[in-house]
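# A closer look at the structure
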Amino acid sequence: MKKNNHIDNNGNIQMVDIGAKQISERKAVASGYIKLNNDALESILQNKNKKGDVLTVAQIAGIQAAKNTASLIPLAHPLNIVSATINFNIKKDRVECTCEINCEGKTGVEIEALCSTQIALLTIYDMCKYIDKSMIISDVKLLFKEGGKSGIYQLK
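Residues numbered from 1 in each chain as written. Predicted model: local features only at pLDDT ≥ 70, side-chain atom pairs only at ≥ 80, totals over all residues. Heavy atoms only, no water.

Let's shift gears to the side chain of Asn49. Mapped onto the fold, Asn49 is located in the loop between helix H1 (38–45) and helix H2 (54–67). On the basis of relative accessible area, Asn49 is assigned to the buried category, the value being 6%. At 2.8 Å, the side chain of Asn49 and the backbone nitrogen of Lys51 are in polar contact. Those residues in contact with Asn49 that sit more than four places away from it in its chain are Ser43, Val54, Met127, Cys128, Tyr130 and Ile131. (Helix = DSSP H or I, 4+ residues; strand = E, 2+ residues; numbered from the N terminus. Buried < 20%, exposed > 50% of the residue type's maximum accessible area, 1.4 Å probe, protein only. Polar contact = N/O pair within 3.5 Å; in protein donor to acceptor, adjacent residues only side chain to side chain. Contact = heavy atoms within 4.5 Å.)

It is worth spelling out the environment of Gln118 at this point. Within the element layout of this structure, Gln118 appears in helix H4 (residues 110–128). Beyond its immediate sequence surroundings of up to four residues, Gln118 is in contact with Ile137 and Val140.

What follows concerns the pairing of strand S3 (residues 94–105). Relative to S3, strand S1 (residues 24–35) is paired through 12 bridges, and the arrangement is antiparallel. Bridge assignment links Glu25 to a residue of S3, and that residue is Glu104. Pairing between strand S2 (residues 81–90) and S3: 9 bridges, direction antiparallel. Considered in S3, the bridge of Ile81 is made with Cys103. In this antiparallel pair of consecutive strands, S2 and S3, the connection spans 3 residues. (Pairing = 2+ DSSP bridges.)

Soluble, globular proteins show a tendency: their nonpolar side chains are buried together. One finds Leu36, Ile44, Phe88, Val95 and Ile124 to be the most contacted residues of the largest nonpolar core, which totals 19 residues. Taken together, the elements giving at least two residues each to this core come down to H1, H2, S2, S3 and H4. Counting residues per element, this core draws most heavily on H4, at 5 residues. Apart from the residues within four sequence positions on either side, Ile44 is in contact with Leu36, Val54, Leu55, Ile90, Val95, Ile124 and Cys128. (Core = buried A, V, L, I, M, F, W, Y, C linked by side-chain atoms within 4.5 Å.)

What follows is the structure, given as structure tokens:
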């Protein structure tokens with residue numbers, strides 16, 4: 001059997017053991033965007049979406065996603081998230097989303113930042129689907145991470 005950090009000597013799946021790691025400040029930033037038609041974009045800009053304030057609801061959903069990542073991703077560790085910031089930048093044909101997640105822990109917050117970005121964008125989709133079913137969520141990626149043994153990563 002191939003050696004795998006998630007499989008013990010008996011072939012059982014397990015979480016990576018982070019018990020001996022030191023707690024450190026960790027940060028991750030992820031981004032992505034949702035492309036949508038002009039009518040959907042106008043419903044957001046003018047706050048006239050029949051489901052409510054799209055960007056505020058999407059921010060709350062993104063924060064909630066970061067806090068609940070370990071319940072969604074099977075081998076992710078629950079983390080002590082100390083801050084989550086979701087920002088939107090509206091362009092002529094899209095809404096760009098950037099999520100920054102900070103924690104004090106023994107493992108990184110990259111998955112939380114990526115999950116947060118996806119869910120914030122998916123919430124926009126959900127709230128605008130009655131206007132535009134052709135929306136596309138795209139280009140979700142990790143931009144930056146720091147903290148822990150592997151140090152700093154920055155997308156080039």
